Amino acid sequence: GSNLNTIINTSLTEWLYQYVNKDLVSLTTKPSAYFPGYLFFVKTNGTGNNEYILGGKYGLTTLVSPDSTKIIYNEIINDRLESFLFDVKTKKNTRLTQATLSEKCVWNKESTFVFCGIPQKLPNAPYPDAWYQNKTSFSDNIWSINASTGEFSVVVPLQDQLTTPIDVLSIKISSTGKYLLFQDRYSLTLWKYEL
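Residues numbered from 1 in each chain as written. Predicted model: local features only at pLDDT ≥ 70, side-chain atom pairs only at ≥ 80, totals over all residues. Heavy atoms only, no water.

A. Region of the structure containing the packing of aromatic side chains. Tallied over the entire structure, the rule returns 8 aromatic pairs. For the pair Trp131 and Phe138, a centre-to-centre distance of 6.3 Å together with 15° between the ring planes defines the contact as stacked. The same class applies to Trp131 as to Phe138, namely buried. Linked through ring pairs, Tyr127, Trp131, Tyr132 and Phe138 together constitute an aromatic cluster. For Lys192, the ring lying beneath its charged end belongs to Tyr179, and the centroid distance is 4.6 Å. (Phe/Tyr/Trp six-rings, centres within 6.5 Å; stacked < 30°, edge-to-face > 60°. Buried < 20%, exposed > 50% of the residue type's maximum accessible area, 1.4 Å probe, protein only. Lys NZ or Arg CZ within 6 Å of the ring centre and 35° of its normal.)

In structure tokens, the structure reads:
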């Protein structure tokens, strides 16, 4: 706590940050369906070797993999929410067959899979604004997405097992990698699922 380094100096204040790993922080502009968003990588060593990654995308929210080579993100295209996997090295963009908000996702430690709460139905709305403002909510199942192929597999069929809808929020993987932990946005109850 005694050695402080300035890693970026900007007059912009509306940033969402993600501590990716000891060398890197990602900065994404606060998202809105009505304004384009941008993602930057900022090196923690303060060298100023910062990098523009994505931008000009409406409703942009992002989640960077722990090894910083992949990003799951969403954006609004033709008034619809779309989700993508982006490979930072190759700049290859893969559109996913099911859409969700990246806030409903978590990467595994190895950066090979991302687990996401994916709505059974996704009504057209200005995302993420409508979800943030509680104007819409979801009934999710939890899926895994293979980061290499983009293939989906259902992990927790919540809506087949429960009588009430679960809108997944704050999803995490335990430090042992054995459990998925998440909250229900409706009730704020905490859930645990053994992988």
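B. View of unusual backbone geometry. Between Tyr127 and the following residue, Pro128, the backbone shows a cis peptide bond with an omega angle of 5°. A positive phi angle, near 65°, is found at Asp79, a position not held by glycine. With respect to the helices and strands, Asp79 occurs in the loop between strand E6 (70-77) and strand E7 (80-87). (Helix = DSSP H or I, 4+ residues; strand = E, 2+ residues; numbered from the N terminus.)

C. Seen up close, the sheet that holds E7. Overall, antiparallel pairing links the 4 strands, which are arranged E5-E6-E7-E8 in an open sheet. At either margin of the open sheet sits one strand with a lone partner, and together these are strand E5 (61-64) and strand E8 (93-95). Within this sheet the neighbouring strands show an average axis-to-axis angle of 25°, counted without direction. Here E7 pairs with E8 via 3 bridges, running antiparallel. Paired with Leu85 across the bridge in E8 is Thr94. (Pairing = 2+ DSSP bridges. Axes fitted to C-alpha atoms, helices over the stretch in contact; angles between N-to-C directions.)

Honestly, it's all geometry; don't read function into it.
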